[in-house]
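Understanding the architecture of this molecule
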Amino acid sequence: MSHVTSVKLAIKDLDALDEACARLGLDLRRDKKTFSWWGRFMNNSIAPAGRDPRDYGTCDHAIGRAGTTPSNGNSGEWEIGVVRAVGDPESFELLLDTYGSAGHRLMAPCGGVGLPTLRREYAVAVARRKATATLVRKGFVATREDLAGGRVRLRLRKR
Amino acid sequence: MQEIVIDFDEQGNATIEGKGFVGTECTKLTKAIEEALGTIEERTLKADYRRTVAVHKKVGA
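This write-up is about the structure you can find in this document. (Residues numbered from 1 in each chain as written. Chains lettered and ligands numbered in written order. Predicted model: local features only at pLDDT ≥ 70, side-chain atom pairs only at ≥ 80, totals over all residues.)

Our next topic: the nonpolar core. In this structure, Ile80(A), Tyr122(A), Ala123(A), Val126(A), Ala127(A) and Leu37(B) are the most contacted members of the largest nonpolar core, which totals 49 residues. Counting residues per element, this core draws most heavily on helix H3 (residues 116–134) of chain A, at 8 residues. (Core = buried A, V, L, I, M, F, W, Y, C linked by C-beta atoms within 7 Å. Buried ≥ 20, exposed ≤ 12 C-beta atoms within 10 Å, placed from the backbone. Helix = DSSP H or I, 4+ residues; strand = E, 2+ residues; numbered from the N terminus.)

Here it is in structure tokens:
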């Protein structure tokens, strides 16, 4: 054994995000500059830190359920906005409207509030892609194990 | 046997552990993965990290 490192996730790799979305039945819609939501800020919730409610609905890329057509409004088909992080232009944040059935329908494949399953699948995709690019050519073989409690283990073992 | 185990919690935060490596080899191999994932919160070096490897080089062969 030589070291143990704990890493806090940041979303930086769109190809890995694309892979994570596909695994969960979602589409990453690159360069789509708006994401669908309720459509109007109702002033009944706290704006995310550093965000102006007047900019809600604008993004750099969008994520939606595969095979659906996005639309605003109460019974709409809403999307997740992939937006440059405040104070870190190399990373992206995920913004979405969580209200009502439209919000819950969008969050369901992502693990609910906080989108944990989408974040986890993104992290696994990033690590797998990097491992393929660096370690597999050095003789390591990558295997994935799905563990209890929503945890995943990626094991890289030298042949 | 050399092995790198990456555990992801349900939020996607990762813990990376190297097994069977000597010296800085493991951190060199995992650097790209760590940087791609995000911010390193904590790094714990194990005893093997500080062990050096004796290299016997045949000269003039």
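Still more to cover.
As a further point, take the environment of Cys21(A). Residues and elements named next belong to chain A. Structurally, cysteine 21 can be placed in helix H1 (residues 14–23). For cysteine 21, a count of 24 C-beta atoms within 10 Å puts it in the buried group. The spacing of cysteine 21 and alanine 66 is 45 residues in sequence and 9.0 Å in space, taken between C-alpha atoms. When near neighbours in sequence (up to four residues on either side) are disregarded, cysteine 21 contacts Leu26, Asp27, Leu28 and Ile63. (Contact = placed C-beta atoms within 7 Å.)

So, about the environment of Leu147(A). All names here are of chain A. Along the polypeptide, leucine 147 turns up in the loop between strand S6 (140–146) and strand S7 (152–158). Using a count of 12 C-beta atoms within 10 Å as the deciding quantity, one classes leucine 147 as exposed. Ignoring sequence-local partners within four residues, the contact set of leucine 147 consists of Val152 and Arg153.

With that settled, consider the pairing of strand S3 (residues 61–65) of chain A. Residues and elements named next belong to chain A. The buried fraction of S3 is high, at 5 of 5 residues. Pairing geometry for strand S2 (residues 26–29) and S3, over 4 bridges, is antiparallel. Bridge pairing in S3 links leucine 26 to arginine 65. As defined by bridge partners, S3 adjoins strand S4 (residues 80–85) across 3 bridges and the pair is classed as antiparallel. Each bridged residue has a counterpart across the sheet, and for alanine 62 the counterpart in S4 is glycine 81. (Pairing = 2+ DSSP bridges.)

Our focus in this paragraph is the packing of H3(A) against helix H1 (residues 25–37) of chain B. As a packed pair, H3(A) and H1(B) sit with axes 9 Å apart at the nearest point and diverge in direction by 150 degrees. With respect to their mutual orientation, H3(A) and H1(B) come out roughly antiparallel. The handedness of the crossing between H3(A) and H1(B) is right-handed. Contact residues: Ala123(A), Val126(A), Ala127(A), Lys130(A), Ala131(A) and Thr134(A) in H3(A); Ala32(B), Ile33(B), Ala36(B) and Leu37(B) in H1(B). Across the contact of H3(A) with H1(B), the residue classes tally to 8 nonpolar, 1 polar and 1 charged. (Axes fitted to C-alpha atoms, helices over the stretch in contact; angles between N-to-C directions. Parallel < 35°, antiparallel > 145°, perpendicular 65-115°, else oblique. Left-handed = near helix turned anticlockwise from the far one by under 90°. Nonpolar A, V, L, I, M, F, W, Y, C, P; charged D, E, K, R; others polar.)

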